[in-house]
Amino acid sequence: MAGTGIAARKNVIRKCEKPVPIRVVTEQGEYDLETPCKACKPCRENYLMDLTGRCAAQSLVCDHVWEITLTYDSGRGPQARQGAKVRNVSDLQRFQKVLRRREAYHISLYNKREKESAKKEGRQPELVDNSRSYIKFFAKHEYGTQGTRRSHWHLQVFFESHFKVPDDVLAIGSQDK
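Owing to the predicted nature of the structure, the values given are computational and were not obtained by experimental measurement.

Novice: Describe in detail the sheet that holds strand E5 (residues 151-159), supporting the description with residues and values.
Specialist: Pairing within the open sheet is antiparallel, and its three strands lie in the order E3-E5-E4. A single partner strand is all that each edge strand has here, and the edge strands are strand E3 (64-71) and strand E4 (135-143). Looking at each pair of strands side by side, their axes are set apart by 15° on average, direction ignored. Strand contacts of helix H2 (residues 41-61): E3, E4 and E5, with the helix running at about 40° to E5, the strand carrying the most contacts.

This is the structure we're talking about:
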């Protein structure tokens, strides 16, 4: 395992093979600076490690992390609509929109129940701020490796909620458009 795989390269920033020079002008003077090209293999590996680190850090501050695979069935999706194996970002956006809408609905239910409970117990309610979303996404698109090469999305969904995420939040079917 020595020298191979991401585990062996952990915490190592690799030097860009084709740095891009830029001229920086400040009040103190001018100087040249080299920036990564973002296209060579070390730059792509550094980017992958950066994304991996961001997802790991986000998972530490969230209460729930779900990993989801969204796959098109045989007769639907961009393959059927456009006759080619292409990704359709609008499908992913629609999924995210429905998930956020359900989140807002469940926050309002939670707040309503909390107000009633606090009133009965004679205390101040601890309400959830519903002016922002408590869901963050990281998505990656790819094609299947088997004969169908079916287009699909891998998602990591990070929930920053301090209330239980209801089971029906992900019961999203074709009826939600």
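That covers the picture; the talk isn't over yet.
Novice: I'd like to hear about the side chain of glutamine 58, residue by residue, with values.
Specialist: Inspection of the secondary structure puts glutamine 58 in helix H2. Contact partners of glutamine 58, with chain neighbours within four places excluded, come to Lys136, Phe158 and Glu160.

Novice: Residues and numbers for the nonpolar core, please.
Specialist: Counting 11 residues, the largest nonpolar core consists of Ile68, Tyr72, Leu92, Phe95, Leu99, Ile135, Phe137, Trp153, Leu155, Val157 and Phe159. Elements that contribute at least two residues to this core include exactly helix H4 (89-121), E4 and E5. If one sorts the elements of this core by residue count, E5 sits on top with four residues. Those residues in contact with leucine 92, other than ones at most four positions away along the chain, are Leu70, Ala139, Trp153 and Leu155.

Novice: Run through the confidence of the model for the chain, naming residues and quoting values.
Specialist: When pLDDT is averaged along the chain, the result is 78, and 74% of the positions lie at 70 or above. Ranking the elements of the chain by mean pLDDT puts helix H1 (residues 5-8) last with 46 and strand E1 (residues 20-26) first with 91. A low-confidence stretch, residues 1-9 (pLDDT under 50), is modelled with seven contacts involving residues beyond four sequence positions or located in other chains.

Novice: Could you give an account of a nonpolar patch on the surface, with specific residues and numbers?
Specialist: Residues Val20, Ile22, Tyr31 and Leu33 make up a contiguous nonpolar surface patch of about 320 Å² in total accessible area. Breaking the nonpolar patch down by element, the ones donating at least two residues are E1 and strand E2 (29-35). Residue placement: valine 20 occurs in strand E1.

Quick notes on the rules
- Residues numbered from 1 in each chain as written.
- Predicted model: local features only at pLDDT ≥ 70, side-chain atom pairs only at ≥ 80, totals over all residues.
- Heavy atoms only, no water.
- Pairing = 2+ DSSP bridges.
- Helix = DSSP H or I, 4+ residues; strand = E, 2+ residues; numbered from the N terminus.
- Axes fitted to C-alpha atoms, helices over the stretch in contact; angles between N-to-C directions.
- Contact = heavy atoms within 4.5 Å.
- Core = buried A, V, L, I, M, F, W, Y, C linked by side-chain atoms within 4.5 Å.
- Buried < 20%, exposed > 50% of the residue type's maximum accessible area, 1.4 Å probe, protein only.
- pLDDT = per-residue confidence, 0-100.
- Patch = residues over 30% accessible without salt bridge, like charges linked within 9 Å, V, L, I, M, F, W, Y side chains within 5 Å.
- Areas by Shrake-Rupley, 256 points an atom, 1.4 Å probe, with all protein chains shown as cover.
- Salt bridge = Lys/Arg side-chain N within 4 Å of Asp/Glu carboxyl O.

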